[in-house]
Amino acid sequence: MKLLIAVIQDKDSNRLSNALIKEGFRATKLASTGGFLRAGNTTFLIGIEDDRIQGALDVIRANCKVRDQLVTPVSPVSGAADSYIPFPVEVQVGGAAVFVLPVERFEHF
């Protein structure tokens, strides 16, 4: 048994949740915040048997898209803020960061 931890952009959350349910995967959704963009994310916790991992990864891959977004960098906390000139920078956001961890024991009460 494995635990999949999938951190995805909020924009993909409902689509992924519906797709996981449709394919028979159970998941717990947690609200989270990304450190770089300080934007809302959703973290899915999925307990899964080893032989179903690839199927779950396929569902995540199909429903979590990378997209380009313009962001304005946050001004530096220390240093010369008067010389800081913010301008929008295009970065890739979205997609999914998925961690697959071994589960030593699972109990459901």
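Sequence positions are assigned chain by chain, starting from 1 and proceeding in written order. Only residues with pLDDT of at least 70 get local features here, since the model is predicted, and only at 80 or more are side-chain atom pairs given and counted; chain-wide, interface and lining totals rely on the full set of residues. Note: side-chain values were computed over all heavy atoms of the structure, leaving out hydrogens and water.

With that settled, consider the sheet that holds strand 1 (residues 2–9). The strand order 2-3-1-6 describes an open sheet built from four strands, whose pairing is antiparallel. A strand with exactly one partner marks an edge of an open sheet, and here the two such strands are strand 2 (28–33) and strand 6 (96–102). Ignoring strand direction, the axes of neighbouring strands in this sheet form an average angle of 20°. For two strands to pair, DSSP has to find at least two bridges joining them. Secondary structure follows DSSP: runs of H or I at least 4 residues long count as helices, runs of E at least 2 residues long count as strands, and numbering of each begins at the N terminus. Two strands pair when backbone bridges link them, and strand 2 and strand 3 (residues 40–48) are joined in this way by six bridges, in the antiparallel orientation. Note on strand 3: the bridge partner recorded for Ala31 is Thr42. Any two residues whose heavy atoms approach within 4.5 Å are treated as being in contact. Think of each axis as a best-fit line through the C-alpha atoms, taken over the contacting stretch in the case of a helix, with angles from 0 to 180 degrees between the N-to-C directions. Contacting strand 1, strand 2 and strand 3, helix 1 (residues 13–22) runs over the sheet at an angle of about 15° to strand 3.

Moving on to the side chain of Asn41. As for its position among the elements, Asn41 is in strand 3. Among residues more than four places away in sequence, those in contact with Asn41 are Val7, Ile8, Gln9, Asp10, Leu30, Ala31, Ser32, Thr33 and Gly34.

Among buried residues, those of type Ala, Val, Leu, Ile, Met, Phe, Trp, Tyr and Cys that are joined through side-chain atoms within 4.5 Å constitute a nonpolar core. For each residue, the accessible area found with a 1.4 Å probe, counting protein chains only, is set against the maximum for its type, and the residue is called buried under 20%, exposed over 50%, and partly exposed in between. In terms of nonpolar packing, the biggest core is built from 15 residues, with Leu4, Leu16, Leu20, Phe44, Ile46, Ile48 and Ile60 touching the most fellow members. Contributions of two or more residues to this core are made by strand 1, helix 1, strand 3 and helix 2 (53–63). In terms of residue count, the dominant contributor to this core is helix 2 (four residues).

Before going further, it helps to spend a moment on helix 2. Taken together, the buried positions of helix 2 are Ile53, Ala56, Val59, Ile60 and Asn63. Seen from one end, helix 2 has its buried residues packed into an arc of 130°, which puts them on one side. Residues of helix 2 that are buried in the fold lie against strand 1, helix 1, strand 3 and strand 6. In this context, the arc is that of the directions from the helix axis out to the C-beta atoms.

Keep in mind that these numbers describe shape and distance, not what the molecule does.
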